[in-house]
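Below, each chain spelled out in residue letters.
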Amino acid sequence: MHFRSQKKSAQDVSLSDDIDTGRDSSALSLMDVLCDDTDLLEDLSCQEQYAQMYRYLRECLSPRERRVLQLRYGLGGTPPLPQREVATLCGISRSYVSRIEKRGLEKLREAFLREDRAD
């Protein structure tokens, strides 16, 4: 039984196992090879915040506010545009773009604050 259990665990590899020793006698582990500088938890948090933002864009904003913010900030994979171009595309003045943008951002901020208070 002992040999069977050893055979099963013989294929297991730990991320902290040494796989090589460098010239300066420092051990290189599998974790050193696989890891990069990005923090996995930070990436997940950012993805969660992006998903939240897009949900709030759909739920809290009018279609016009949503369109202006998407054009101004390049949401949805489009390049961000200056107010002048957004105004031309929407057929409104630059000052109205500014007001719509400000109102939409305030609604998004309030939605995020409500969510933080709920947690």
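Residues numbered from 1 in each chain as written. Predicted model: local features only at pLDDT ≥ 70, side-chain atom pairs only at ≥ 80, totals over all residues. Heavy atoms only, no water.

### A closer look at the overall build of the protein
(1) Moving on: Of the regular secondary structure elements, the protein holds six helices and two strands.
(2) Moving on: Within the protein, buried positions represent 18% of all 119 residues.
(3) Moving on: Within the protein, contacts between residues at least 6 apart in sequence are counted, and of these 37% link residues at least 24 apart.
(4) Moving on: A total accessible area of about 9500 Å² is found for the protein, and carbon and sulfur atoms account for 52% of it. (Helix = DSSP H or I, 4+ residues; strand = E, 2+ residues; numbered from the N terminus. Buried < 20%, exposed > 50% of the residue type's maximum accessible area, 1.4 Å probe, protein only. Contact = heavy atoms within 4.5 Å. Areas by Shrake-Rupley, 256 points an atom, 1.4 Å probe, with all protein chains shown as cover.)

### Some thoughts on the pattern of salt bridges
(1) Moving on: Following the criterion strictly, the structure yields six salt bridges and no others.
(2) Moving on: Put simply, Glu-115 and Arg-55 hold a salt bridge, and the shortest N to O gap is 3.8 Å. One end of the pair, Glu-115, is in helix 6 (residues 94-118); the other, Arg-55, is in helix 3 (residues 40-60), with 60 residues separating them in the sequence.
(3) Moving on: With a relative accessible area of 26%, Glu-115 lands in the partly exposed category.
(4) Moving on: A salt bridge links Arg-72 to Glu-101, with the nearest nitrogen and oxygen atoms 3.0 Å apart. Here Arg-72, found in helix 4 (residues 63-73), pairs with Glu-101, found in helix 6; they are 29 residues apart in sequence, far enough to count as distant.
(5) Moving on: Bridged by salt links that share partners, the residues Arg-55, Glu-59 and Glu-115 form one connected network. (Salt bridge = Lys/Arg side-chain N within 4 Å of Asp/Glu carboxyl O.)

### So, the packing of aromatic side chains
Two aromatic rings are characterised by how far apart their centres lie and by the angle between their planes.
(1) Moving on: Applying the stated criterion to the full structure yields one aromatic pair.
(2) Moving on: For the pair Tyr-56 and Phe-112, a centre-to-centre distance of 5.0 Å together with 90° between the ring planes defines the contact as edge-to-face. Of this pair, Tyr-56 sits in helix 3 while Phe-112 is found in helix 6, placing the two residues 56 residues apart along the sequence. (Phe/Tyr/Trp six-rings, centres within 6.5 Å; stacked < 30°, edge-to-face > 60°.)

### Details of the side chain of Gln-52
(1) Moving on: Mapped onto the secondary structure, Gln-52 falls in helix 3.
(2) Moving on: Gln-52 sits in the buried class, given a relative accessible area of 14%.
(3) Moving on: Setting aside residues no more than four positions away along its own chain, Gln-52 makes contact with Phe-112 and Glu-115.

### Quick word on the confidence of the model for the protein
(1) Moving on: When the pLDDT values of the protein are averaged, the result is 82; 66% of them are 70 or greater.
(2) Moving on: Within the protein, helix 5 (residues 83-90) carries the highest mean pLDDT (96), whereas helix 2 (residues 30-34) carries the lowest (63). (pLDDT = per-residue confidence, 0-100.)

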